[in-house]
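Single-letter residue listing:
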Amino acid sequence: MTKHKTIITINKEINKINEEIDMKILQGLAYRVEARRHKTLLQKLRAEARPTWQYRLSRMVTSFLL
């Protein structure tokens with residue numbers, strides 16, 4: 001799976017969990033399990049979206065060249 005598809009998949013899953021959490025809040029139910037899953041997915045999303053050191057290095061080099 002490419003990095004782009006992984007990010008899209010994680011975003012879709014986060015949106016589903018957000019809807020589940022919203023419904024549980026409206027019903028007055030506990031949503032601890034969903035909150036943990038949401039937190040884990042956000043961490044994965046941040047890790048995937050983080051620029052690699054090669055990308056950052058190339059951006060730094062090109063900024064000196066321009």
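About the cut-offs
Residues numbered from 1 in each chain as written. Predicted model: local features only at pLDDT ≥ 70, side-chain atom pairs only at ≥ 80, totals over all residues. Heavy atoms only, no water. Helix = DSSP H or I, 4+ residues; strand = E, 2+ residues; numbered from the N terminus. Expected span 1.5 Å × (residues − 1). Buried < 20%, exposed > 50% of the residue type's maximum accessible area, 1.4 Å probe, protein only. Contact = heavy atoms within 4.5 Å. Patch = residues over 30% accessible without salt bridge, like charges linked within 9 Å, V, L, I, M, F, W, Y side chains within 5 Å. Areas by Shrake-Rupley, 256 points an atom, 1.4 Å probe, with all protein chains shown as cover. Salt bridge = Lys/Arg side-chain N within 4 Å of Asp/Glu carboxyl O. Axes fitted to C-alpha atoms, helices over the stretch in contact; angles between N-to-C directions. Parallel < 35°, antiparallel > 145°, perpendicular 65-115°, else oblique. Left-handed = near helix turned anticlockwise from the far one by under 90°. Nonpolar A, V, L, I, M, F, W, Y, C, P; charged D, E, K, R; others polar. Arc of directions from axis to C-beta.

*Asks:* So what's going on with helix α1 (residues 3-27)? Which residues, and what values?
*Replies:* A turn of α-helix holds 3.6 residues, and therefore any two residues three or four places apart point the same way. An ideal rise of 1.5 Å per residue puts 36 Å on 25 residues; α1 measures up with 36 Å between its terminal C-alpha atoms. Inspection of α1 places Thr6, Ile10, Ile14, Ile17 and Ile21 among the buried residues, and these make up the whole buried set. For α1, the secondary structure elements touched by its buried residues are α2 (32-49). Note on α1: the residue one or two positions beyond its end, Gly28, has a positive phi of about 80 degrees.

*Asks:* Help me get a handle on a nonpolar patch on the surface, residues and values and all.
*Replies:* Together, Trp53, Leu57, Met60, Val61, Phe64 and Leu65 make up an exposed nonpolar region whose accessible area comes to about 710 Å². Following the sequence through the fold, Val61 ends up in helix α3 (residues 53-65). Judged by relative accessible area, Val61 falls into the partly exposed class, the value being 40%.

*Asks:* I'd like to hear about the packing of α1 against α2, residue by residue, with values.
*Replies:* In the contact formed by α1 and α2, the axes pass within 10 Å of each other and the chain directions differ by 155 degrees. Between α1 and α2, the interaxial angle falls into the category roughly antiparallel. Along this stretch, α1 crosses α2, giving a crossing that reads as left-handed. Contacts between α1 and α2 involve Lys3, Thr6, Ile7, Ile10, Asn11, Glu13, Ile14, Ile17, Asn18, Glu20, Ile21 and Lys24 on the former and, on the latter, Glu34, Ala35, Arg37, His38, Leu41, Leu42, Lys44, Leu45, Glu48 and Ala49. Taken together, the residues that form the contact of α1 with α2 break down as 10 nonpolar, four polar and eight charged.

*Asks:* Just give me the short version of α2, but keep the residues and values in it.
*Replies:* For α2, which comprises 18 residues, the first-to-last C-alpha distance of 26 Å matches the rise-based estimate of 26 Å (1.5 Å per residue) to within 8%. When α2 is considered as a whole, its buried residues turn out to be Glu34, His38, Leu41 and Leu45. One side of α2 holds all its buried residues, which, seen down the axis, span an arc of 70 degrees. Counted as exposed and oriented over 90 degrees from the buried face of α2: Arg32, Val33, Arg36, Lys39 and Arg46. Among the structural elements, α1 are those in contact with the buried residues of α2.

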